[in-house]
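# Descriptive structure summary
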Amino acid sequence: ECNIDYRYCTKCAYGHGLTDTDTCHKCEEGCSECNENYTICKECSDGYGLIKDENGISTGKCKACEVENCQSCLFDYRFCVECIQNYYPLKDEDGVYTGQCGKCNVRNCKECSSDPNSYAECEDGYGRNQDGKCIQCTEHCDRCDDATTCITCSYGYGYEIDPSSRLRTGKCVK
């Protein structure tokens, strides 16, 4: 936005902030939102987190996340809030998040909960069986609810229909 006579900016587009001369400039590296001042970051980009001073107050600068296997550490570059695929946020013995990531123990797990032995979602091409494990979907199936019920057939395949019930069998055929 500009002032009434369009001589200077009063507000900048997302990802940009004001300079000393009231022009808009791209936020600094790792920063996605800086608004009033392009050198003071309000929100960091994925993979970056805010740097805090010794009192825990934001410095307005972003730094690459230092936590291994971290997707997002928005508020502190040393504390992960979202882990990459196949990892989950660790909790201590009191159930408090530690800011670290742990590896899922379930094979073919896309996303696991705070328990390394359970999961929220299987990888594409895998579905949950009765034992709670991720096992491969039926042949020619890209996504399945469970290991025997296909949701999305592979390209060039369609749902098999049971002739007597006229319902899907959960399998894919040409």
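Preceding this paragraph is the structure being described.
Here's what I pulled together on the structure shown here. (Residues numbered from 1 in each chain as written. Predicted model: local features only at pLDDT ≥ 70, side-chain atom pairs only at ≥ 80, totals over all residues. Heavy atoms only, no water.)

## Focus: the overall build of the protein
Scanning the protein for helices and strands turns up zero helices and 18 strands. Since a compact globule built from 174 residues should have a radius of gyration of about 16 Å, the 24 Å found for the protein marks it as more spread out than a globular shape. Each of the three principal axes of the protein carries a C-alpha extent, and together these read 75 × 50 × 20 Å. For the protein, buried positions account for 31% of its 174 residues. Considering only contacts in the protein between residues 6 or more positions apart, those separated by 24 or more positions represent 15%. As displayed, the protein offers around 11,500 Å² of accessible surface, 47% of which is attributable to carbon and sulfur atoms. (Helix = DSSP H or I, 4+ residues; strand = E, 2+ residues; numbered from the N terminus. Rg over C-alpha atoms; globule rule 2.2 N^0.38 Å. Buried < 20%, exposed > 50% of the residue type's maximum accessible area, 1.4 Å probe, protein only. Contact = heavy atoms within 4.5 Å. Areas by Shrake-Rupley, 256 points an atom, 1.4 Å probe, with all protein chains shown as cover.)

## Concerning the pairing of strand β5 (residues 48–52)
Alignment of β5 against strand β6 (residues 58–64), held across four bridges, turns out to be antiparallel. Counterpart to Tyr 48 in the pairing with β6 is Ala 64. The turn joining β5 and β6, which pair antiparallel and follow one another in sequence, is formed by five residues; a positive phi near 80° is taken by Gly 56. (Pairing = 2+ DSSP bridges.)

## Concerning the state of the cysteines
Going through the model one piece at a time under the given rule, you end up with eleven disulfides. The residue that forms a disulfide with Cys 31 is Cys 41, at a sulfur-sulfur distance of 2.2 Å. Residues Cys 31 and Cys 41 share a disulfide whose torsion about the S-S bond is about 100°; that sign makes it right-handed. Residue Cys 31 is located in strand β3 (residues 31–33), and its partner Cys 41 is located in the loop between β3 and β4 (43–44); the two are separated by ten residues in the primary sequence. On the accessibility criterion, Cys 31 (8% relative accessible area) is buried. On the accessibility criterion, Cys 41 (7% relative accessible area) is buried. (Disulfide = S-S within 2.5 Å.)

## A look at the packing of aromatic side chains
A full pass over the atoms with the stated rule returns zero aromatic pairs. We note Lys 174 situated over the ring of Tyr 157; from NZ or CZ to the ring centre the distance is 4.9 Å. (Phe/Tyr/Trp six-rings, centres within 6.5 Å; stacked < 30°, edge-to-face > 60°. Lys NZ or Arg CZ within 6 Å of the ring centre and 35° of its normal.)

## Here we look at the environment of Glu 28
Checked against the element boundaries, Glu 28 lands in the loop between β2 (24–26) and β3. Overall, the relative accessible area of 32% leaves Glu 28 in the partly exposed class. Placed eleven residues apart in sequence, Glu 28 and Thr 39 show a C-alpha to C-alpha distance of 6.2 Å. Non-local contacts of Glu 28, meaning those with residues more than four positions away in its chain, are made with Tyr 38, Thr 39 and Lys 61.

## Digging into the pattern of salt bridges
For side chains of opposite charge, pairing can occur when their charged atoms come near one another. Here the structure, examined in full by the defined rule, presents three salt bridges. Residues Glu 66 and Lys 63 are paired through a salt bridge, measuring 3.1 Å at the closest nitrogen-oxygen approach. Among the salt bridges present, the one from Asp 76 reaches Arg 78, with a minimum N-O distance of 3.3 Å. For Asp 76, a relative accessible area of 16% puts it in the buried group. (Salt bridge = Lys/Arg side-chain N within 4 Å of Asp/Glu carboxyl O.)

## As for the side chain of Ser 72
Looking at the secondary structure, you find Ser 72 in strand β7 (residues 70–72). Contacts of Ser 72, omitting those with residues within four sequence positions, involve Asp 46, Gly 47, Cys 65, Cys 80, Val 81 and Glu 82.

## Overview of the nonpolar core
Residues Cys 65, Val 67, Cys 70, Cys 73, Cys 80, Cys 83, Tyr 87 and Cys 101 constitute the largest nonpolar core, which totals eight residues. Not counting the four nearest positions on each side in its chain, Cys 101 is found in contact with Val 67, Glu 68, Asn 69, Cys 70, Cys 80, Cys 83, Tyr 87, Tyr 88 and Leu 90. (Core = buried A, V, L, I, M, F, W, Y, C linked by side-chain atoms within 4.5 Å.)

## Some remarks on the pairing of strand β18 (residues 168–173)
Remember that side chains alternate between the two faces of the sheet whenever the strand is regular. Sheet analysis places strand β17 (residues 158–161) next to β18, joined by three bridges and oriented antiparallel. By the bridge assignment, Gly 158 is partnered in β18 with Val 173. The loop that links β17 with its antiparallel partner β18 comprises six residues; one of these, Arg 166, has a positive phi angle of about 60°.

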